[in-house]
Amino acid sequence: MGSVIDRHTADARREAAHALRELTRSLEAAHVRLPSLGVDWRSARVSGTVLVELGAVRPDVALRLAAVVWTGSTAPWCPAVGEPVVDLVSGRVGEFRGEADGRWWLRPHGGGREWDADPRMVRAAGGRV
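Everything in this summary refers to the structure shown in the same document. (Residues numbered from 1 in each chain as written. Predicted model: local features only at pLDDT ≥ 70, side-chain atom pairs only at ≥ 80, totals over all residues. Heavy atoms only, no water.)

1. Considering the overall build of the chain
Across its full length, the chain holds three helices and seven strands. In the chain, the order of α-helices and β-strands from amino to carboxyl end is α-β-α-β-α-β-β-β-β-β. Relative to its length of 129 residues, the chain is extended, with a C-alpha radius of gyration of 20 Å against a globular reference of 14 Å. For the C-alpha atoms alone, the extent of the chain along its principal axes is close to 70 × 25 × 20 Å. The proportion of buried residues among the 129 residues of the chain is 27%. If you take every contact in the chain between residues at least 6 apart in sequence, the share linking residues at least 24 apart comes to 36%. For the chain, the accessible area works out to roughly 8,600 Å², and carbon and sulfur atoms hold 56% of it. (Helix = DSSP H or I, 4+ residues; strand = E, 2+ residues; numbered from the N terminus. Rg over C-alpha atoms; globule rule 2.2 N^0.38 Å. Buried < 20%, exposed > 50% of the residue type's maximum accessible area, 1.4 Å probe, protein only. Contact = heavy atoms within 4.5 Å. Areas by Shrake-Rupley, 256 points an atom, 1.4 Å probe, with all protein chains shown as cover.)

Structure follows, in structure tokens:
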């Protein structure tokens with residue numbers, strides 16, 4: 001039988017591995033892949049806590065992850081017509097023009113060809129939601 005510290009460390013490692021599996025599953029369901037996601041097994045030696053390492057990602061992946069977090073944590077939002085917004089999928093900034101069939105219509109600031117976007121993947125250009 002191991003010491004109390006050994007049992008605590010084993011429990012912490014199991015908890016971190018479980019958290020990693022659950023986070024990976026939920027991110028996969030949202031089509032977000034964090035390539036550096038993993039468990040930092042050495043962290044317990046320094047801090048006493050086993051950490052889940054999220055790692056570095058490209059900006060487009062960070063934006064998709066932000067959209068997933070916002071979607072799950074805020075009430076529905078709809079911009080006013082003409083309000084500047086960001087389409088997180090394309091990275092384009094545009095003005096909100098309206099909604100049809102569950103899609104939002106956006107156009108470049110000052111005019112131009114409109115495009116449709118998934119409302120769950122659109123955020124206010126100023127960063128507020």
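There's plenty left to go through after this.
2. Focus on the nonpolar core
In terms of nonpolar packing, the biggest core is built from 11 residues, these being Ala-12, Ala-16, Leu-20, Leu-27, Val-32, Leu-34, Leu-37, Val-39, Ala-44, Val-50 and Val-61. Among the elements that make up this core, the one with the highest residue count is helix α1 (residues 4-29) (four residues). Dropping the residues within four chain positions of it, Val-61 is found in contact with Val-32, Arg-33 and Leu-34. Trp-104, Trp-115, Val-122 and Ala-124 belong to the second largest nonpolar core, which has nine residues in total. (Core = buried A, V, L, I, M, F, W, Y, C linked by side-chain atoms within 4.5 Å.)

3. Quick notes on the side chain of Glu-95
Structurally, Glu-95 is set in strand β4 (residues 93-100). Setting aside residues up to four positions removed in sequence, Glu-95 forms contacts with Gly-82, Glu-83, Pro-84, Val-85, Trp-105, Leu-106, Arg-107, His-109 and Gly-110.

4. So, the packing of aromatic side chains
With the rule as written, the count across this model stands at one aromatic pair. Measuring from centroid to centroid gives 5.2 Å for Phe-96 and Trp-104, while their planes differ by 75°, and the two rings are edge-to-face. Trp-104 carries the same exposure label as Phe-96, and that label is buried. (Phe/Tyr/Trp six-rings, centres within 6.5 Å; stacked < 30°, edge-to-face > 60°.)

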